[in-house]
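A structural walkthrough
The residues making up each chain are set out below.
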Amino acid sequence: MTTMTSAALESQPAIAVRDLTVAYNDRPVIWDLDLDVPAGVLMAIVGPNGAGKTTLIKAMLDLVRPAAGQVEILGQPYRKSRDRVGYVPQRGSVDWDFPTNVLDVVQMGRYGALGWIRRPGNRERELALEALDKVSMGEFADRQISQLSGGQQQRVFLARALVQNADVYLMDEPFQGVDATTERAIITLLKELRSEGKTVVCVHHDLQTVPDYFDWVALLNIRKIASGPVSEVYNETNLRLTYGGRVAFLSRDAAAPATAQAAVEED
Amino acid sequence: MFDLSTAQMEIQLVAIVVAVACALVGVFLVLRQMAMMSDAITHSILPGIVVAFFIVQDLSSPFLIIGAAATGVLTVSLVELLERTRLVREDAAIGIVFPALFSIGVILIARFARGIHLDLDVVLLGEIAFVPFNRTEIFGIDLGPTALVMMSVILLINLIFILLFYKELKLATFDTGLAAALGFSPALIHYGLMSLVSVTAVGAFDAVGAILVVALIVGPPAIAYLLTDQLRLMLVYSAGIGVVVAVLGYWMARMLDASIAGSMASMVGIIFVVAYLLAPQRGLVASYLRRRRQRWEFAGIMLAIHLFNHEGLPSAEQENRVEHLQDHLNWNPDFADRAVRWAERNRIIVRRNSHLFLTEEGREQAREAIVR
Ligand SMILES: Nc1ncnc2c1ncn2[C@@H]1O[C@H](COP(=O)(O)OP(=O)(O)OP(=O)(O)O)[C@@H](O)[C@H]1O
Ligand SMILES: [Mg+2]
C-alpha cells in the first residue's frame with residue numbers, strides 16, 4: 001500500500017481543489033478549501049452532518065457554483081473532463097416511484113457518451129447487464145425500480161456509475177442503508193476499481209471502517225481539517241477537531257488503524 | 001345519432017388534438033410533480049394574450065400565442081425566483097404569482113378591451129362549439145378550422161420534441177443531478193418543456209378554456225400513471241386517454257345538452273375514478289383481491305411452519321390436531337377451519353383422522369419460508 005501511495009503522490013493529482021468557498025444564501029458551507037486527491041487512491045470524505053461533504057462533491061461536479069476558487073479534475077476543469085468522471089448521488093436524491101426499470105436506470109450512465117438525441121442501443125444494453133452482474137443484480141434487470149430495497153437501489157446506482165467507465169468516481173454515501181454483505185460486496189468492487197488505477201472518492205459515515213476500506217482520507221467540517229494517507233492523518237486529534245468532543249468511542253480503532261487493517265485481511 | 005355533420009366531426013377532431021397535445025406534455029409535468037404549475041401557466045397567460053392583442057390588434061394572430069407563451073415562461077421563472085429565496089415554498093410561490101398575473105389580465109380586459117371577444121366566460125370555458133366558424137384559408141383553399149390547424153401544428157411540435165429528446169427528458173426528470181453532471185443542461189430541458197406547456201396551453205385555451213386545459217394536462221397522465229409503470233407506455237396511454245376523454249366528453253355533452261368543455265372535464269374525473277378502482281396493479285379492487293389471497297397464503301405458510309417445527313418430535317401428536325391450532329396460532333375455529341381447507345386444497349397438508357401432516361410440497365415451503 002505504501003509504495004502505491006508514494007507513486008500516486010508523484011503524478012498529477014486526480015482532483016485538485018483550490019481555495020474553494022461555497023455559500024448558499026451568504027452563509028459559507030465550505031470555507032477556503034484546498035485538497036489534492038492523488039490518482040489511484042480510494043479516498044473517504046468524513047465529517048459530521050452538514051459539514052459540506054455533499055456540497056463538496058457537487059462543487060467538483062459543477063452542480064453548485066462556488067463563491068470562490070476552482071476545481072480541476074485530471075488537470076482540467078470539470079467541463080472538459082466530464083466524460084472521465086462517474087457520479088453516484090445520494091440515494092434519496094431521486095424519486096424511486098419514477099416509471100422505469102433497473103436496466104433503464106443503469107443505461108442512463110451511458111447517456112453522457114451518447115450525447116444529445118442519440119438513443120441507447122444493444123451495446124448500452126449489454127454494458128448495463130454486465131455492470132448489473134458485477135453488483136450481483138443481474139436477475140433484477142427487468143424489475144421496476146419502485147420495488148427495490150434500499151441496498152438494491154444503492155447497487156443500481158453503483159452499476160450506473162460503472163457503465164460510465166470513468167477514471168474518477170465521486171460517490172455520495174454509497175454504503176448508506178446497506179447490509180453487511182452488500183457493504184462488503186461494494187467495497188470489494190471499489191478496491192477493484194482502484195487496482196485498475198481509477199480514483200474513487202466516497203463520502204463515508206462509518207468512522208470505524210475507514211481504516212479497513214480506504215487508503216486516503218479527508219476530514220471536513222466546513223473547513224478542511226486534514227487530508228492524506230489514512231495511516232498518517234486518521235487519528236484521534238484530527239477526529240476530535242472534525243467532530244468536536246464526540247468521538248471518544250473511536251479512540252481504540254483510530255489510534256491503531258494498522259491493527260484493524262491486519263484483522264480484516266486475515267478473514 | 002351517428003350521422004355526423006362536418007361541423008360535428010371538426011369539433012371532435014379539435015377536441016382530440018387538444019387533448020392529445022395536452023396529455024403528452026402533461027406526463028412530464030406530473031412526473032416532475034409540477035401539476036400545479038400548469039394551473040399557474042394557464043391562468044397567467046391571460047395578460048400575455050391581452051398585451052399581445054393590444055400590439056397586433058388581431059385576435060387570430062400567431063403573435064398572440066407567442067406573447068402568451070412568453071408570459072407562461074415568465075410565470076415559471078417568477079415562481080422559481082420566489083422559491084429560490086427560500087422564503088416561500090413552491091406551492092405558495094405559485095399561489096402568489098398566478099393570481100397576480102391573472103388579475104392583471106382581468107383588469108386589462110375590463111379597462112381597455114371591453115366589447116371585444118376577449119370576455120371572461122370564454123377565457124374560463126372556451127367555446128369549442130364555435131370552432132368550425134373560424135377557418136383558415138391559404139390561397140383560397142380551406143384548410144379547416146383555425147383551431148384545428150393551430151393545435152395540429154402544436155401537437156406536431158410536442159411530438160417531435162418528445163421523440164427527439166425522450167432520453168434527455170427522462171434523465172432530467174428522474175435525476176436532475178446526473179443530467180447536469182453528464183452535461184445535459186437540466187435548465188434548458190426544463191424551460192424547453194415549460195415553453196411547450198405554455199404554447200400548448202395557449203393554443204388549447206382558445207378552444208376549451210382555462211379549466212379544461214388544466215384537466216387535460218393533469219388528468220390523462222395521472223390516470224396513465226395508475227395503469228403502467230413504464231414511461232413509454234405512460235405517454236401512449238396518456239394520449240389514448242386524451243382521445244377517449246375528447247370523444248366521450250363530446251357525446252356526453254350532446255346527450256345532456258351541456259357544455260362540451262365541461263363534459264370533457266367531467267369525463268376526466270369519471271375515467272380517473274374508474275381507473276382508480278379497476279387499474280390492474282394499483283387499483284383498489286386489485287389490491288383488495290391481492291390482500292385477500294395473501295391472507296390465505298400467509299395462513300397456509302404459518303400452518304406449514306407450525307407443523308414443520310413439531311414434525312418428528314413427541315409433541316407432534318398433540319400439536320398437529322385441528323382443535324389445537326386455536327390455542328397455538330391464536331386462530332378462531334372458523335378461521336382455522338378455512339385455513340386448513342385452503343392448505344389442503346393447495347396440497348400443503350393432508351388430513352388423516354383429524355391429524356394434520358405436511359406434504360412434501362408443504363415441507364419445502366415451510367423450509368423456504370424459514371430460511372428466507
Ligand atoms: N440547496 C441548499 N440551499 C441552502 N443550504 C443548503 C443547501 N444544501 C445544503 N445546504 C446547507 O449546507 C450545509 C452543508 O450541506 P451538505 O449537504 O453539503 O452536508 P453534508 O456534509 O453532505 O451532510 P450529511 O452528512 O447530512 O449528508 C448544511 O448546513 C445545509 O443545511
Ligand atoms: Mg450529504
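It should be emphasised that the depicted structure is a prediction, and the values quoted were computed from it without experimental measurement.

What to know about the overall build of chain A
- Within chain A, the regular secondary structure consists of 13 helices and 10 strands.
- Taking all 267 residues of chain A together, the buried fraction comes to 53%.
- In chain A, once contacts between residues fewer than 6 apart in sequence are set aside, the share between residues at least 24 apart is 67%.
- Counting every atom, chain A has about 11900 Å² of accessible surface; 46% of that belongs to carbon and sulfur.

Describing the nonpolar core
- Ranked by size, the top nonpolar core spans 181 residues in total, and within it Ile15 and Leu190 of chain A carry the most contacts.
- It is helix H9 (residues 186-227) of chain B that provides the largest number of residues to this core, a total of 20 residues.
- Excluding its chain neighbours within four sequence positions, the residues that come into contact with isoleucine 15 of chain A are Leu35, Asp36, Val37, Met60, Val71, Glu72, Ile73, Val168, Leu170 and Val201 of chain A.

With respect to the packing of helix H12 (residues 284-310) of chain B against helix H15 (residues 333-345) of chain B
Residue and element names in this part refer to chain B.
- Where H12 contacts H15, the axes come no closer than 9 Å and their chain directions differ by 85°. The orientation of H12 relative to H15 falls into the category roughly perpendicular. Contacts between H12 and H15 involve Arg295, Trp296, Glu297, Ala299, Gly300 and Leu303 from the first element and Phe335, Arg338, Ala339, Val340, Trp342 and Ala343 from the second.
- Looking at side-chain class alone, the contact of H12 with H15 contains eight nonpolar, one polar and three charged residues.

What about the pattern of salt bridges?
Residues and elements named next belong to chain A.
- Enumeration according to the criterion identifies 16 salt bridges over all chains in this entry.
- Between arginine 18 and aspartate 36 there is a salt bridge, with the nearest N and O atoms lying 3.1 Å from each other. With arginine 18 in strand E1 (residues 15-24) and aspartate 36 in strand E2 (residues 27-37), the pair connects residues that are 18 residues apart, well separated along the chain.
- The exposure class assigned to arginine 18 is partly exposed, which follows from its relative accessible area of 33%.
- Residue classification places aspartate 36 among the partly exposed positions, given a relative accessible area of 36%.
- Across the pair arginine 84 and aspartate 167 runs a salt bridge whose closest N-O atoms are separated by 2.8 Å.

Comments concerning unusual backbone geometry
- In this structure, isoleucine 117 of chain A takes a positive phi of about 70° despite not being glycine.
- By secondary structure assignment, the location of isoleucine 117 of chain A is in the loop between helix H5 (111-114) and helix H6 (122-134).
- Unlike most non-glycine residues, arginine 347 of chain B shows phi in positive territory, near 55°.
- You can see arginine 347 of chain B is positioned in the loop between H15 and strand E3 (349-352).

Details of the domain arrangement of chain B
- Looking at the assigned domains, one finds that chain B contains domain 1 (4-244) and domain 2 (286-371).
- Computed from C-alpha atoms alone, the centre-to-centre distance between domain 1 of chain B and domain 2 of chain B is 58 Å.

Regarding the sheet that holds strand E3 (residues 42-46) of chain A
Residue and element names in this part refer to chain A.
- The six strands lie next to each other as E6-E7-E8-E3-E9-E10, forming an open sheet whose pairing is mixed. The open sheet has two edge strands, strand E6 (85-88) and strand E10 (223-229), and neither has a second partner. Between one strand axis and the next, the sheet turns by 15° as a mean value, whatever way the strands run.
- One ladder, built from four bridges, connects E6 with strand E7 (residues 168-172); its direction is parallel. By the bridge assignment, valine 85 is partnered in E7 with valine 168.
- Across the sheet, helix H11 (residues 236-243) is in contact with E3, strand E9 (216-221) and E10; its angle to E9 comes to roughly 35°.

Some points on the site of ligand 1
- Surrounding ligand 1, one finds 15 residues, the nearest of these being Asn49, Gly50, Lys53, Thr54 and Thr55 of chain A.
- The local environment of ligand 1 is shared, drawing residues from chains A and B.
- In this structure, glycine 50 of chain A approaches ligand 1 through a main-chain N or O atom, which is 2.9 Å from an oxygen atom.
- In the model, an oxygen atom of ligand 1 is placed 2.8 Å from a nitrogen or oxygen of the lysine 53 of chain A side chain.
- Sorting the residues of the shell around ligand 1 by element identifies E2 and helix H2 (53-60) of chain A as the ones contributing at least two each.

Describing the interface of chain B and chain A
- Each partner contributes to the interface: chain B provides 31 residues, whereas chain A provides 30 residues.
- Between chain B and chain A lies a buried interface of about 2700 Å² when both sides are counted; carbon and sulfur atoms form 65% of it.
- The tally of links between chain B and chain A comes to two salt bridges.
- A salt bridge links aspartate 175 of chain B to arginine 160 of chain A, with the shortest nitrogen-to-oxygen separation between them at 2.7 Å.
- One can count 12 residue pairs in polar contact (both at pLDDT 80 or more) joining chain B with chain A.
- Residue assignment for the side of chain B that touches chain A shows that the elements contributing at least two residues are helix H6 (146-164), helix H7 (166-174), helix H8 (176-181), H9 and helix H10 (231-256) of chain B.
- No other element matches H7 of chain B, which puts seven residues into the side of chain B that touches chain A.

As for the side chain of aspartate 175 of chain B
- Mapping aspartate 175 of chain B onto the fold places it in the loop between H7 and H8.
- Classification of aspartate 175 of chain B by relative accessible area gives buried; the value is 3%.
- At a separation of 3.1 Å, a polar atom in the side chain of aspartate 175 of chain B contacts the main-chain amide nitrogen of leucine 178 of chain B.
- Non-local contacts of aspartate 175 of chain B, meaning those with residues more than four positions away in its chain, are made with Pro89, Val94, Phe157 and Arg160 of chain A.

Topic: a nonpolar patch on the surface
Residues and elements named next belong to chain B.
- Taken together, the side chains of Ile270, Phe272, Val273, Val274, Tyr276, Leu277, Leu278, Leu284, Val285, Tyr288 and Leu289 present a nonpolar region at the surface, about 980 Å² in accessible area.
- At the level of elements, helix H11 (260-278) and H12 are the ones that each hand at least two residues to the nonpolar patch.
- Examining the composition of the nonpolar patch, we find that seven residues originate from one element, H11, more than from any other.
- The topology assignment puts leucine 284 in helix H12.
- For leucine 284, a relative accessible area of 41% gives the class partly exposed.

What counts, and at which threshold
- Residues numbered from 1 in each chain as written.
- Chains lettered and ligands numbered in written order.
- Predicted model: local features only at pLDDT ≥ 70, side-chain atom pairs only at ≥ 80, totals over all residues.
- Heavy atoms only, no water.
- Helix = DSSP H or I, 4+ residues; strand = E, 2+ residues; numbered from the N terminus.
- Buried < 20%, exposed > 50% of the residue type's maximum accessible area, 1.4 Å probe, protein only.
- Contact = heavy atoms within 4.5 Å.
- Areas by Shrake-Rupley, 256 points an atom, 1.4 Å probe, with all protein chains shown as cover.
- Core = buried A, V, L, I, M, F, W, Y, C linked by side-chain atoms within 4.5 Å.
- Axes fitted to C-alpha atoms, helices over the stretch in contact; angles between N-to-C directions.
- Parallel < 35°, antiparallel > 145°, perpendicular 65-115°, else oblique.
- Nonpolar A, V, L, I, M, F, W, Y, C, P; charged D, E, K, R; others polar.
- Salt bridge = Lys/Arg side-chain N within 4 Å of Asp/Glu carboxyl O.
- Domains from an automatic or database assignment.
- Pairing = 2+ DSSP bridges.
- Near = heavy atom within 4 Å.
- Polar contact = N/O pair within 3.5 Å; in protein donor to acceptor, adjacent residues only side chain to side chain.
- Buried area = accessible area lost by both parts, 1.4 Å probe.
- Patch = residues over 30% accessible without salt bridge, like charges linked within 9 Å, V, L, I, M, F, W, Y side chains within 5 Å.

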